[in-house]
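Coordinate analysis (summary)
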Amino acid sequence: MSFNITVQPSSRTFTATSDETLLAAGMRQGIGLPYGCKDGACGSCKCKKISGDVTHGKHQEKALSPEEAANGFVLTCCATAHSDVVLESRQVVEEGAFPIKKMPVRVISLEKASHDVMIVKLQLPANDVMKFHAGQYIDFLLRDGDRRSYSMANAPHTLVAGSPAIELHIRHMPGGKFTDHVFGAMKEKEIQRIEGPQGTFFLREDSDKPLVFLASGTGFAPIKAILEHMQFKGITRPVTLYWGGRRPEDLYLNDWVQAQLAVIPNLTYVPVISNALPEDNWRGRTGFVHQAVLQDTPDLSGHQVYACGAPIVVDSARADYTAAGLPADEFYADSFTSAADKT
């Protein structure tokens, strides 16, 4: 059976069959609902169900608690409709989203940015360049059918004609099927297959609100792409970047950010370290990075926040920032769930 799905307040509509998720049905028809992992692990696709009946497939309780489900919230990435459904989601992407494509890529460089972060550059097919928003991600399509997702760390305008390349920041997860390969056997000229662009984490340019960018670890990758995009487009909204790590070396492109302070108007940078050792000689901010934002801006009601990184950081920020006045629909997030988070 097929049911009508309406998204308010935009009044966008699409149809969904009883055997496809609401997210998949919307994407198939060009309705860009927010999403992240697509596996019921991150909660980025969570929205309010105003009316209708849905059933949830397998998902993590941290993404949708029983209390939230009882209060009418749904995860569109794993919910299927059993009647006409009305959803409330203010983060619906405009029509004309870039098409998602599968394509081969060639590894053209591998550079260790720290002991556990590899900057990997992939050459795209010269005659089939992928269009994307700064901040989106791609999936590696592994031979056994598994996928691994990584944000693109460069903006679309940096793709040079004839030899377009995307940049990824990959953290080593010891024992991880894919990252062990990246930090071990992967070589230049190796061919991989990817699918993209994915995700709805990109700058909403129809607002002039001051921006807070919150990154933990390699959650900096899509933030870097958005900063490049802002500099290229001449976007001068006030923006404060909070980048957190356990040790100073975790801020693996700190020098790059420092250089941007001279070329991006109204950019402020606040690095935050949670577990500095005496030998680090760290003289900057310490503690949890998401709390540093509230120390500087206790009232977030007039801001827009883009948060990316470990699920614990993103989830804590979402809860604490909305309590500090941030409108729920002004919090945009990309939670870096690992394969372990999805089991």
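A brief look at the structure comes next. (Residues numbered from 1 in each chain as written. Predicted model: local features only at pLDDT ≥ 70, side-chain atom pairs only at ≥ 80, totals over all residues. Heavy atoms only, no water.)

**Some words on the environment of Asn71**
One can find Asn71 in the loop between helix 2 (66-70) and strand 5 (73-75). The exposed category is assigned to Asn71, whose relative accessible area is 52%. Once the C-alpha coordinates of Asn71 and Arg237 are considered, the two residues, 166 residues apart in sequence, prove to be 36 Å apart. (Helix = DSSP H or I, 4+ residues; strand = E, 2+ residues; numbered from the N terminus. Buried < 20%, exposed > 50% of the residue type's maximum accessible area, 1.4 Å probe, protein only.)

**Focus on the pairing of strand 2 (residues 12-17)**
Remark: a regular strand shows side chains that alternate across the two faces of the sheet. In strand 2, alternate side chains face the same way, and those of Arg12, Phe14 and Ala16 are buried while those of Thr13, Thr15 and Thr17 on the opposite face are not. Here six bridges tie strand 1 (residues 2-8) to strand 2, and the two strands are oriented antiparallel to one another. Its bridge partner lying in strand 2, Ser2 is registered against Thr17. (Pairing = 2+ DSSP bridges.)

**Things to note about the sheet that holds strand 8 (residues 101-114)**
Read across the open sheet, the six strands follow the order 11-10-13-8-9-12; overall the sheet is antiparallel. Since the sheet does not close on itself, it has two edges, and those belong to strand 11 (147-151) and strand 12 (165-171), each with one partner. Here the strands of the sheet are splayed against their neighbours by 40° on average, with no regard to which way each runs. Where strand 10 (residues 137-141) meets strand 11, five bridges bridge the pair, whose relative direction is antiparallel. When the sheet's bridge partners are listed, Leu141 is paired in strand 11 with Arg147. Here helix 4 (residues 220-233) sits on the sheet in contact with strand 11 and strand 12, set at roughly 150° to strand 12. (Axes fitted to C-alpha atoms, helices over the stretch in contact; angles between N-to-C directions. Contact = heavy atoms within 4.5 Å.)

**What about the packing of aromatic side chains?**
Evaluation of the coordinates by the stated rule reveals 11 aromatic pairs. Seen in terms of ring centroids, Tyr306 and Tyr332 are 4.9 Å apart; in terms of plane orientation they differ by 15°. Their pairing is stacked. Pair noted here: Tyr306 is in strand 18 (residues 304-309) and Tyr332 is in strand 19 (residues 331-335), with a separation of 26 residues, a long-range link. Take Tyr306 and Tyr332: they sit in the same class, and that class is buried. Counting every residue linked through ring pairs, the aromatic cluster contains Phe201, Phe213, Tyr306 and Tyr332. Over the aromatic face of Phe73 sits the side chain of Lys48, whose NZ or CZ is 5.5 Å from the ring centroid. One Lys or Arg, Lys224, reaches over the ring of Trp256 and ends 5.1 Å from the middle of that ring. (Phe/Tyr/Trp six-rings, centres within 6.5 Å; stacked < 30°, edge-to-face > 60°. Lys NZ or Arg CZ within 6 Å of the ring centre and 35° of its normal.)

**Structural notes on the sheet that holds strand 15 (residues 239-245)**
One open sheet accounts for six strands, arranged 17-16-15-14-18-19; its pairing is parallel. If you trace the sheet from one side to the other, it starts and ends with strand 17 (285-286) and strand 19, each paired once. Bridge analysis of strand 16 (residues 267-273) against strand 17 gives two bridges, and the strand direction is parallel. Looking at strand 17, one finds that Ile273 is bridged to Thr286. Most of the contacts of helix 4 go to strand 14 (residues 211-216), to which it runs at about 145°, and overall it touches strand 14, strand 15, strand 16 and strand 18. Taken strand by strand, helix 7 (residues 311-323) contacts strand 14, strand 18 and strand 19, and its axis lies near 165° from that of strand 19.

**Some remarks on the nonpolar core**
Among the nonpolar cores identified, the biggest contains 30 residues, and Phe213, Phe220, Ile223, Met230, Leu241 and Trp243 are the most heavily contacted of them. Those elements that place two or more of their residues in this core are strand 9 (117-123), strand 14, helix 4, strand 15, strand 16 and strand 18. Top contributing element to this core by residue count: helix 4, with six residues. If near-sequence neighbours (up to four positions away) are discounted, Leu241 is found in contact with Phe213, Phe220, Ile223, Leu227, Val257, Leu267, Thr268, Tyr269 and Val270. (Core = buried A, V, L, I, M, F, W, Y, C linked by side-chain atoms within 4.5 Å.)

**Some remarks on the packing of helix 6 (residues 289-296) against helix 7**
In a packed pair of helices, the relevant descriptors are the angle between the two axes and the axis-to-axis distance. Across the interface, helix 6 lies against helix 7 with an axial gap of 9 Å and an inter-helix angle of 25°. Between helix 6 and helix 7, the interaxial angle falls into the category roughly parallel. Crossing geometry of helix 6 relative to helix 7 is assigned as right-handed. Residues Val289, His290, Val293 and Leu294 of helix 6 touch helix 7, and the partners they reach there are Val313, Ser316, Ala317, Asp320 and Tyr321. Partitioning the contact of helix 6 with helix 7 into residue classes produces six nonpolar, two polar and one charged. (Parallel < 35°, antiparallel > 145°, perpendicular 65-115°, else oblique. Left-handed = near helix turned anticlockwise from the far one by under 90°. Nonpolar A, V, L, I, M, F, W, Y, C, P; charged D, E, K, R; others polar.)

**Some words on the pattern of salt bridges**
All chains considered together, the criterion is met by 14 salt bridges. We note a salt bridge from Arg28 to Glu20, for which the minimum N-O separation is 2.7 Å. Residue Arg28 is classed as exposed on the basis of its relative accessible area, which comes to 51%. In this structure, the salt-bridge partner of Asp116 is Arg171, at a minimum N-O distance of 2.6 Å. Within this pair, whereas Asp116 is found in the loop between strand 8 and strand 9, its partner Arg171 is found in strand 12, the two being separated by 55 residues in sequence. Arg171 carries the same exposure label as Asp116, and that label is buried. What you see here is one network of salt bridges that share partners, running through Lys102, Asp139, Arg147 and Glu195. (Salt bridge = Lys/Arg side-chain N within 4 Å of Asp/Glu carboxyl O.)

**Comments concerning helix 4**
Counted at 1.5 Å a residue, the expected span for helix 4 with its 14 residues is 20 Å, and the 20 Å between its end C-alpha atoms agrees. For helix 4, the buried fraction is high: 11 of the 14 residues fall into the buried class. Of all the residues in helix 4, the buried ones are Phe220, Ala221, Pro222, Ile223, Lys224, Ala225, Ile226, Leu227, Glu228, His229 and Met230. Among the residues trailing helix 4, Gly234 stands out with phi positive, at a value near 70°. (Expected span 1.5 Å × (residues − 1).)

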